[in-house]
Amino acid sequence: MASLNLLIFVCLSYVAVLFLVAFGAERAAKRGQAAWLRSPMVYTLSLSIYCTAWTFYGAVGYAARSGLEYVTIYLGPTLVMVGWWWGLRKLVRVGRSQRVTSIADLISSRYGKSNLLAICVTVLAVVGITPYIALQLKAISDSVTLMAHHYDVFDSAQQTFHVDISLIVALFLSVFAILFGTRHADATEHQDGLILAVALESLVKIAVFLMVGGAVVLFMFDGPGPIIDAIRHDERVVSAISNGSSPATWIVMTLLSASAILALPRQFHVTVVENRSESELRRAIWLFPLYLVVINLLVLPLAVAGMLHLGPEVSPDSYVLALPLSAGQDFLAFLTFTGGLSAATAMVIVASVALAIMISNDLVIPLMLWRFGGRLRRDSGDWTRVILNIRRVSIFIMLIAAFAYYRAAADSTQLAAIGLSSFAAVAQFAPALVIGL
């Protein structure tokens, strides 16, 4: 039970630190003492929200099943940032001049300010991103379950605990997202605290991932030699790496990930809505691809280490956490859990906030004006409380919907498969977005 108490303490402490960072940044911004919050480095790190629990846990599992095919998930964004920087610059310019609040807002503004089009984009975005949020719930729930059973915290069956923890995680993250993301009714107002918290989480997850990967390679295998030898000669490893080599698959996956970096609501929010100047973008077009390269350096070594050191009963998506647990490295295991928690919570918070803005601005309020327009105009006043309450309810409903999806479909599904379904959904926005520019 001591391990359970420590696990709860780690979670609550990490959340408390993030909230204090966000709260302090908001207060500094109000006093006009937050010029450092406008640093291009903070902006670049906020873009790294692209790396979620799918990257932290799922990339290693993907590599263990399909070899180097996982690279395509990061190749697409790199090509967009480096090779299409002028398009990103125009996207930011249009977003700033039109005062857009979401991707639905931008696409609608480029096609005659069609309310119907904004509603369609919003509905598709909510349907498409719900599985992605479920992915984060699955990753956190699986990691907590793995640690709890490793330390024999519970004597009951795994499935009973699994149901409880996934619901607890959903409720916990909904409260967290509401506290972080519904402080301003004006969606065009920069959320300095939220962005700084996301930037901090980006630093935590890359630092932890590199520490875990480095510890596994250097101490469990006494250097990269045995891993390199396994890549060359071990039948299981060679078979896994040779999978996913179809050129057509690489092209399709690269296109999907390139579309995602533009069209994912959370990416659009941090890239366009939270952008302050083009100097931030100029720095990000090379720093963000560098971040992707660095965080993926040890993905394949970790996948190989898991195949060599762990049995077939261990899910490849759990290799990152299972390796330090199997080596008896408790501190490293709790550190790994913190990194995975960081990767998941950042995505859930920003994605929930971005979708809640779309729901309130492009769906609920237009429908309210259409249905009760005359009375609302007569009673018009300060809508701040109404808008914030709509967003809070939207966040809560989305997290519960993600939990329901997780329990219905995602429980036995690979992390990469869930993520790709969301990529395919938001890829529908890319042609309209690019042509609109």
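Here, the structure is the one placed above.
Notes on the structure follow. Keep in mind that what you see is a predicted model, and the values were worked out from it rather than measured.

Conventions used here
Residues numbered from 1 in each chain as written. Predicted model: local features only at pLDDT ≥ 70, side-chain atom pairs only at ≥ 80, totals over all residues. Heavy atoms only, no water. Phe/Tyr/Trp six-rings, centres within 6.5 Å; stacked < 30°, edge-to-face > 60°. Buried < 20%, exposed > 50% of the residue type's maximum accessible area, 1.4 Å probe, protein only. Helix = DSSP H or I, 4+ residues; strand = E, 2+ residues; numbered from the N terminus. Lys NZ or Arg CZ within 6 Å of the ring centre and 35° of its normal. Salt bridge = Lys/Arg side-chain N within 4 Å of Asp/Glu carboxyl O. Polar contact = N/O pair within 3.5 Å; in protein donor to acceptor, adjacent residues only side chain to side chain. Contact = heavy atoms within 4.5 Å. Patch = residues over 30% accessible without salt bridge, like charges linked within 9 Å, V, L, I, M, F, W, Y side chains within 5 Å. Areas by Shrake-Rupley, 256 points an atom, 1.4 Å probe, with all protein chains shown as cover. Core = buried A, V, L, I, M, F, W, Y, C linked by side-chain atoms within 4.5 Å. Axes fitted to C-alpha atoms, helices over the stretch in contact; angles between N-to-C directions. Parallel < 35°, antiparallel > 145°, perpendicular 65-115°, else oblique. Left-handed = near helix turned anticlockwise from the far one by under 90°. Nonpolar A, V, L, I, M, F, W, Y, C, P; charged D, E, K, R; others polar.

A few points about the packing of aromatic side chains
Right, on to step 1. Applying the stated criterion across every chain yields a total of 8 aromatic pairs.
Right, on to step 2. On the numbers, 5.1 Å between centres and 80 degrees between planes, the contact of Phe 56 with Tyr 57 is edge-to-face. Note on accessibility: Phe 56 and Tyr 57 belong to one class, buried.
Right, on to step 3. On the numbers, 5.5 Å between centres and 70 degrees between planes, the contact of Phe 56 with Phe 209 is edge-to-face. Note that Phe 56 is positioned in helix H3 (residues 53-66) and Phe 209 in helix H9 (residues 192-220), a separation of 153 residues in sequence.
Right, on to step 4. The class of Phe 56 is buried, set by a relative accessible area of 2%.
Right, on to step 5. Grouped by ring-pair contacts, the aromatic residues Tyr 50, Trp 54, Tyr 74, Tyr 132 and Phe 423 constitute a single cluster.
Right, on to step 6. Between the NZ or CZ atom of Arg 407 and the centre of the ring of Tyr 406, over which it lies, the distance is 5.4 Å.

Remarks on the pattern of salt bridges
Right, on to step 1. By the definition in use, this model includes 3 salt bridges.
Right, on to step 2. Among the ionic pairs, Arg 93 bridges to Glu 278, the shortest N-O distance being 2.5 Å. One end of the pair, Arg 93, is in helix H5 (residues 85-98); the other, Glu 278, is in helix H14 (residues 278-295), with 185 residues separating them in the sequence.
Right, on to step 3. For the salt bridge of Lys 138 with Asp 142, the shortest nitrogen-to-oxygen distance reads 3.3 Å. Taken together, the positions of Lys 138 and Asp 142, both in helix H7 (residues 115-150) and 4 residues apart, correspond to about one turn of that helix.
Right, on to step 4. For Asp 142, a relative accessible area of 23% gives the class partly exposed.

Quick notes on the side chain of Thr 72
Right, on to step 1. Topologically, Thr 72 is positioned in helix H4 (residues 72-83).
Right, on to step 2. On the basis of relative accessibility, which here comes to 0%, the residue Thr 72 falls in the buried class.
Right, on to step 3. A polar atom in the side chain of Thr 72 sits 2.7 Å from the backbone oxygen of Glu 69.
Right, on to step 4. Apart from residues lying up to four places away in sequence, Thr 72 is in contact with Trp 250, Met 253, Thr 254 and Ser 257.

Points about a nonpolar patch on the surface
Right, on to step 1. Together, Leu 167, Leu 171, Val 393, Phe 396 and Ile 397 line one region of the surface with nonpolar side chains, adding up to about 420 Å² of accessible area.
Right, on to step 2. Among the elements of the structure, helix H8 (158-181) and helix H18 (384-410) are those that each provide at least two residues to the nonpolar patch.
Right, on to step 3. Looking at the nonpolar patch, the element that brings in the most residues is H18, giving 3 residues.
Right, on to step 4. Along the chain, Ile 397 falls in helix H18.
Right, on to step 5. The exposure class assigned to Ile 397 is exposed, which follows from its relative accessible area of 52%.

Thoughts on helix H2 (residues 40-47)
Right, on to step 1. Within H2, 7 of the 8 residues are buried, which leaves the element mostly enclosed by the surrounding structure.
Right, on to step 2. Buried residues in H2 make contact with H4, H9, helix H13 (265-273) and H14.

Some thoughts on the nonpolar core
Considering soluble globular proteins, one finds that nonpolar side chains tend to be buried as a cluster.
Right, on to step 1. If you look at the biggest cluster of nonpolar residues, it comprises 142 residues, and the most contacted ones within it are Tyr 50, Trp 54, Ile 73, Leu 91, Ile 103 and Ile 129.
Right, on to step 2. Among the elements that line this core, the one with the most residues is helix H17 (residues 330-378), at 18 residues.
Right, on to step 3. Excluding its chain neighbours within four sequence positions, the residues that come into contact with Ile 103 are Val 121, Leu 262, Ala 263, Phe 268, Met 358, Phe 429 and Leu 433.

A few points about the environment of Ile 133
Right, on to step 1. Mapped onto the elements of the fold, Ile 133 is located in helix H7.
Right, on to step 2. In this structure Ile 133 comes out as buried when scored by relative accessible area, which is 1%.
Right, on to step 3. A sequence separation of 219 residues divides Ile 133 from Ser 352, and the C-alpha atoms of the two residues are 8.5 Å apart.

Considering the packing of helix H11 (residues 235-242) against helix H15 (residues 299-309)
Right, on to step 1. Two elements in contact, H11 and H15, have axes whose closest approach is 10 Å; the angle formed by their N-to-C orientations is 140 degrees. In terms of axis orientation, H11 runs oblique to H15. Pair H11 / H15 crosses with right-handed handedness. On H15, the residues that touch Arg 236, Val 237, Ala 240 and Ile 241 of H11 are Leu 300, Val 304, Met 307 and Leu 308.
Right, on to step 2. Of the residues assigned to the contact of H11 with H15, the class counts are 7 nonpolar, no polar and 1 charged.

Some thoughts on unusual backbone geometry
Right, on to step 1. Despite not being glycine, Arg 99 has its phi angle at roughly 55 degrees, a positive value.
Right, on to step 2. Residue class for Arg 99 comes out exposed when judged on its relative accessible area of 55%.
Right, on to step 3. At Lys 113, a residue that is not glycine, the phi angle is positive and equals roughly 50 degrees.
Right, on to step 4. On the secondary structure map, Lys 113 appears in the loop between helix H6 (103-110) and H7.

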